[in-house]
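Read off the chains here:
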Amino acid sequence: MMLCGGSRGMAGSIALSSIAALHTGSGLVSTAVPDRCLETVASFHPCVMTIPLADDLQGHFAVGAVDELASRLDGLDAIGCGPGMTTNDGSMQIVRRLIEPTKLARVFDADAINCLAKMQWAKGDPISSSKSRSGKSRSNNGEANNIVLTPHPGELGRLAGIDTKNRDLQIEAAQKLAAHHHVTIVVKGGPTVVVDATRTWINSTGNPGMATAGSGDVLTGVITSLMGQGLSPWDAARLGVWIHGAAGDRAAAEYGQPGMSAYELLSELPKVIAAFDS
Ligand SMILES: NC(=O)C1=CN([C@@H]2O[C@H](COP(=O)(O)OP(=O)(O)OC[C@H]3O[C@@H](n4cnc5c(N)ncnc54)[C@H](OP(=O)(O)O)[C@@H]3O)[C@@H](O)[C@H]2O)[C@@H](O)CC1
Ligand SMILES: Nc1ncnc2c1ncn2[C@@H]1O[C@H](COP(=O)(O)OP(=O)(O)O)[C@@H](O)[C@H]1O
Ligand SMILES: [Mg+2]
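Residues numbered from 1 in each chain as written. Chains lettered and ligands numbered in written order. Predicted model: local features only at pLDDT ≥ 70, side-chain atom pairs only at ≥ 80, totals over all residues. Heavy atoms only, no water.

Under an unreviewed UniProt entry, the name given to the chain is ADP-dependent (S)-NAD(P)H-hydrate dehydratase, and the organism recorded is Rhodopirellula maiorica SM1. Of the chain, the UniProt comment under Sequence similarities (unreviewed entry) reads exactly: "Belongs to the NnrD/CARKD family." Check the Subunit (unreviewed entry) section of the UniProt entry for the chain; it says "Homotetramer." (UniProt positions renumbered as here; feature names shortened; annotations may be inferred.)

Okay, here's the thing in structure tokens:
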């Protein structure tokens, strides 16, 4: 599986996603980052493999970085995109490429969602009736696309063009968007709600201590990892959110909600999964 994101100053975000994927069953994690961030991202964990993509002087993806990424998508089981990426032109190209119709399992988070918002994707034609790269129309007759979006309320607001703190309205907007594009949407919060075209599910794990920088980046890695292991978007999103919240509850028990950070979630993830077997 692959993760794609990061930039100079936000290298930690995509490192957190990558390590979370390693700790949730993905044996091989490749992380595509702007070249100037490679050593930083690689140095967080020796088992993460890094792929340098073309960057600009600020350490953001360069225009054209998408070509190298696209050349590595064949045979891939899943890709998670967005943490720490910014919404510059190079990132926009990457998101435009990844949102095209394909069977590849994809997770869009953070700046990938902000890129989708910038290109007004929510209002666009449903993915299922878009043209493929060959120009042929690819209707999937309402079948779910292999896509999970993981917005926090601010990102959902940008994406869906709503400006509200009202939770019911946020979920309603996500349900409409999920039905329009046949995707699964994780509406983050306390509690997190997962929706797809026809279903709504409310998570039972997690705590306010998880409102800490990088916590969502960990979730991106977990859900991408589960999709890479063959789970459907709906199952990967629900199981991923549940495991992530349970790791947060373990971290809160050990460190306290004020003191826990997203970093502690990483070491709790395997313990949550190991508990399934005992
Ligand atoms: N270590 C790293 O490298 C890290 C890097 N990171 C990277 O930083 C980049 C910016 O991402 P970001 O989420 O910090 O900023 P942004 O999208 O402007 O959101 C703020 C806006 O959304 C709202 N809002 C947010 N959460 C909300 C909630 N739970 N519930 C309700 N509202 C909420 C909030 O509204 P407010 O509550 O302030 O009214 C505000 O308007 C991105 O690339 C990310 O990946 C991070 O992943 C951290 C670790
Ligand atoms: N009060 C809360 N209860 C449970 N989980 C929460 C609460 N507040 C935030 N979270 C979780 O913390 C994570 C924050 O994600 P996000 O906003 O993307 O953070 P970041 O971008 O800093 O990684 C989400 O999974 C969200 O559901
Ligand atoms: Mg986030």
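Now for the site of ligand 1. Lining the immediate surroundings of ligand 1 are 17 residues, of which Asp111, His152, Arg158, Lys165 and Asp217 lie closest. Separating an oxygen atom of ligand 1 from a backbone N or O atom of Ser13 is a distance of 3.2 Å. In isolation ligand 1 exposes 910 Å². Once the protein is present, 52% of that is buried. Elements supplying a minimum of two residues to the shell around ligand 1: α1 (11–22), α5 (110–118) and α6 (153–160). For the shell around ligand 1, the element with the highest residue contribution is α6, accounting for four residues. Here the residues of the shell around ligand 1 are counted per class, giving six nonpolar, six polar and five charged. (Near = heavy atom within 4 Å. Polar contact = N/O pair within 3.5 Å; in protein donor to acceptor, adjacent residues only side chain to side chain. Areas by Shrake-Rupley, 256 points an atom, 1.4 Å probe, with all protein chains shown as cover. Helix = DSSP H or I, 4+ residues; strand = E, 2+ residues; numbered from the N terminus. Nonpolar A, V, L, I, M, F, W, Y, C, P; charged D, E, K, R; others polar.)

We now examine the site of ligand 2. As a matter of local geometry, ligand 2 sits amid 17 residues, with Lys188, Thr192, Met210, Gly214 and Gly216 nearest to it. One of the backbone N or O atoms of Gly189 is found 3.1 Å from an oxygen atom in ligand 2. A distance of 3.2 Å separates an oxygen atom of ligand 2 from a polar backbone atom of Ser215. Relative to its unbound accessible surface of 580 Å², ligand 2 loses 78% to contact with the protein.

Further remarks concern the environment of Gly190. Mapped onto the fold, Gly190 is located in the loop between β7 (184–187) and β8 (193–195). Accessibility expressed as a relative area gives 80% for Gly190, which makes it exposed. Separated by 47 residues in sequence, Gly190 and Ala237 have C-alpha atoms that sit 16 Å apart. (Buried < 20%, exposed > 50% of the residue type's maximum accessible area, 1.4 Å probe, protein only.)

What follows deals with the pattern of salt bridges. Per the counting criterion, the structure on display carries nine salt bridges. In this structure, Asp55 and Arg36 form a salt bridge, with 2.7 Å as the shortest nitrogen-oxygen distance. Here the residue Asp55 occupies a position in the loop between β3 (49–53) and α3 (65–70), and Arg36 occupies one in the loop between β2 (30–34) and α2 (38–44), the gap between them amounting to 19 residues. For Glu172, the salt bridge goes to Lys176, with nearest N and O atoms at 3.9 Å. (Salt bridge = Lys/Arg side-chain N within 4 Å of Asp/Glu carboxyl O.)

Here the UniProt feature "binding site: (6S)-NADPHX" (unreviewed entry) sits at Gly84, His152 and Asp217. Separation in sequence by 134 residues is not matched in space for these annotated residues, since their most distant C-alpha atoms are only 14.2 Å apart. With respect to the secondary-structure elements, Gly84 resides in the loop between β4 (78–81) and α4 (89–98). Among the structural elements, Asp217 can be located in helix α8 (residues 215–228).

Looking now at the packing of aromatic side chains. Think of a pair of aromatic rings as described by two things: how far the centres are apart, and how the planes are tilted against each other in angle. Tallying each qualifying case throughout the model produces one aromatic pair. Judged by centre distance (5.8 Å) and plane angle (25 degrees), the ring pair of Trp242 and Phe276 falls under stacked. Pair noted here: Trp242 is in helix α9 (residues 233–255) and Phe276 is in helix α10 (residues 262–277), with a separation of 34 residues, a long-range link. On the accessibility criterion, Trp242 (29% relative accessible area) is partly exposed. Note on Phe276: relative accessible area 46%, which makes it partly exposed. (Phe/Tyr/Trp six-rings, centres within 6.5 Å; stacked < 30°, edge-to-face > 60°.)

Next up on the list: the sheet that holds strand β6 (residues 147–150). Strand order in this open sheet of nine strands is β3-β2-β1-β4-β5-β6-β7-β8-β9, and the pairing throughout is mixed. On the outer flanks of this sheet lie β3 and β9 (200–202), each paired with one strand and no other. In this sheet, neighbouring strand axes are inclined to one another by 20 degrees on average, regardless of whether the strands run parallel or antiparallel. When strand β1 (residues 2–4) meets β4, the two strands line up parallel, connected through three bridges. Among the inter-strand pairings, Met2 is bridged to a residue of β4, identified as Ile79. (Pairing = 2+ DSSP bridges. Axes fitted to C-alpha atoms, helices over the stretch in contact; angles between N-to-C directions.)

Looking along the chain, the bond that leaves Gly190 and enters Pro191 is cis, with omega of 5 degrees. Residue position: Pro191 is located in the loop between β7 and β8. If you check the backbone angles, Gln120 has positive phi at about 55 degrees while not being a glycine. Along the chain, Gln120 falls in the loop between α5 and β6. Unusually for a residue other than glycine, His182 sits at a positive phi of about 55 degrees. With respect to the secondary-structure elements, His182 resides in the loop between α7 (167–181) and β7.

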